[in-house]
Amino acid sequence: MSDNREIPSVSQKVFGQLPDGRDAQLFTLTNSQGMIVKITDFGGIITELHVPDKHGQLADVALGFDHLAPYCDVSPYFGALIGRFGNRIADGRFVLDDVSYQLPCNDGDNHLHGGSAGFHRVKWDAIPFVRNDARGEIAAVGLTLSYLSVDGEQGYPGNLQVTVTYTLTNANELQVLYQAETDQATPINLTQHTYFNLAGISDSVSDILGHELMINADAYTPVNSALIPTGSLLSVADTAFDFRTPKLIGARIQDEDQQLGYGSGYDHNYVLNKSRSKEFSQELSLAARVHEPVSGRVLELWTQEPGIQFYSGNFLDGSLSGKTANYGHRSGFCLEPQHYPDSPNQTAFPNTILRPGEEYESLSVYRFSVQD
């Protein structure tokens, strides 16, 4: 570290007032390199994420808003924690231990991202922390969020106690640790829904088609016209879905491909190159790497999850503005570490059922660096 390093810190202020009158808090995490992450206890939302470019200049690389109200109203999951079940469940229905459950359908005929009042729309209990190393110096700062999702909330069975810990290290890593326990069997698939643009958010936001993307996956789960997996796995070889070696996001996004047509671009789950058994290997492995050539910013996503949803911002249409920026078509991309969509209805997919006495735990790490 240089002599100009920052002193890592956590600060807190009121972000706004929720419709029920409670104050939402905004926490600012800063590491020794000057990297900044801002998180609100409403939805566990990352509202800002400032990282350096190849010249050392910081810029915010996360789409979002500078005040609370849009997150309570029009936000398309910008920066949010997602649960109980990330992605889609067909017809909002599943059968568990011979009992049929009906969830609210908030995406046409399907249930999406835990429902309209999922974890992205609740106020979490928040405790900031500072973590020292063996020499007594600050090695990391962070925020621990906890929430009790009661039995029947959004149609899900069981009282689910959830903890999500955001940790910002001095190596420009943002670690996200998900933990949960339940008193009744329930589906669970937690994830994080930040929209990234590594060129930076400013008065005008470019699209992300010139970002170079690598996804460490030989296969993906194809979908039907409602974006529900068919249950099969398809090879990415010789298709527009092949990102095994880096290529521009926009290189083949306009291909005449039925799957791209269904998603209006990329909105698909990739099967990461690790064990595909029902009880998948929980190794922390590299899932994806993104490089923005002009700024030189690089994002690596490492995860214990068996899949990631790559979404190319297809439904952003310029109608949303935030932080002085207008969010046009494909102005942000998402890499959502996850189990596969509709897993409660797909017996061949890795298990997403958490039972009493078990602990749900999953770690994902967002590593930021630069490349000339």
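The sections below set out a description of the structure shown in this document. (Residues numbered from 1 in each chain as written. Predicted model: local features only at pLDDT ≥ 70, side-chain atom pairs only at ≥ 80, totals over all residues. Heavy atoms only, no water.)

## What about the nonpolar core?
The nonpolar side chains of a soluble globular protein tend to be buried, and buried together.
Turning to step 1, where the next piece is worked out: Counting 59 residues, the largest nonpolar core has Leu49, Tyr270, Phe310 and Phe368 as the members making the most contacts within it.
Turning to step 2, where the next piece is worked out: It is strand β13 (residues 160-169) that contributes the most residues to this core, five residues altogether.
Turning to step 3, where the next piece is worked out: When near neighbours in sequence (up to four residues on either side) are disregarded, Phe368 contacts Met35, Leu49, Val51, Val61, Ala171, Asn172, Phe196, Leu198, Val298 and Leu299.
Turning to step 4, where the next piece is worked out: Membership of the second largest hydrophobic core comes to 24 residues, among which are Leu63, Phe65, Leu68 and Ile82. (Core = buried A, V, L, I, M, F, W, Y, C linked by side-chain atoms within 4.5 Å. Buried < 20%, exposed > 50% of the residue type's maximum accessible area, 1.4 Å probe, protein only. Helix = DSSP H or I, 4+ residues; strand = E, 2+ residues; numbered from the N terminus. Contact = heavy atoms within 4.5 Å.)

## Structural notes on the pairing of strand β4 (residues 46-52)
Turning to step 1, where the next piece is worked out: With seven of its seven residues buried, β4 lies for the most part within the structure.
Turning to step 2, where the next piece is worked out: Note: strand β3 (residues 36-40) against β4, four bridges, orientation antiparallel. Each bridged residue has a counterpart across the sheet, and for Ile39 the counterpart in β4 is Ile46.
Turning to step 3, where the next piece is worked out: Taken together, β3 and the strand that follows it, β4, pair antiparallel across an intervening segment of five residues, in which Gly43 is found at a positive phi of about 75 degrees.
Turning to step 4, where the next piece is worked out: Bridge count between β4 and strand β5 (residues 58-60): three bridges; the pairing is antiparallel. Counterpart to His50 in the pairing with β5 is Asp60.
Turning to step 5, where the next piece is worked out: Where β4 hands over to β5, the hairpin turn is made up of five residues, of which Gly56 adopts a positive phi near 85 degrees. (Pairing = 2+ DSSP bridges.)

## Things to note about the packing of aromatic side chains
Turning to step 1, where the next piece is worked out: All told, the structure shown has 22 aromatic pairs when counted by the stated rule.
Turning to step 2, where the next piece is worked out: Here Phe65 and Phe78 contribute two aromatic rings whose centre-to-centre distance is 5.4 Å and whose plane-to-plane angle is 45 degrees, an arrangement assigned as tilted. You can see Phe65 sitting in the loop between β5 and β6 (80-82) and its partner Phe78 sitting in the loop between β5 and β6, a full 13 residues away along the chain.
Turning to step 3, where the next piece is worked out: For Phe65, a relative accessible area of 2% gives the class buried.
Turning to step 4, where the next piece is worked out: By relative accessible area, Phe78 is classed as buried at 0%.
Turning to step 5, where the next piece is worked out: Ring plane angle 70 degrees and centroid distance 5.6 Å describe the contact between Phe119 and Tyr147, whose orientation is recorded as edge-to-face. Separated by 28 residues along the polypeptide, Phe119 in the loop between β10 (111-112) and β11 (125-132) and Tyr147 in strand β12 (residues 138-149) bring together distant segments of the chain. Considered together, Phe119 and Tyr147 belong to a single accessibility category, that of buried residues.
Turning to step 6, where the next piece is worked out: Joined through ring pairs, the aromatic side chains of Phe15, Phe65, Tyr71, Phe78, Tyr195, Tyr311, Phe315 and Tyr327 make up one cluster.
Turning to step 7, where the next piece is worked out: Positioned over the ring face of Phe243 is Lys247, at 5.5 Å from the centre of the ring.
Turning to step 8, where the next piece is worked out: Across from the ring centre of Trp302, 4.4 Å away, lies the NZ or CZ of Arg367, which sits over that ring. (Phe/Tyr/Trp six-rings, centres within 6.5 Å; stacked < 30°, edge-to-face > 60°. Lys NZ or Arg CZ within 6 Å of the ring centre and 35° of its normal.)

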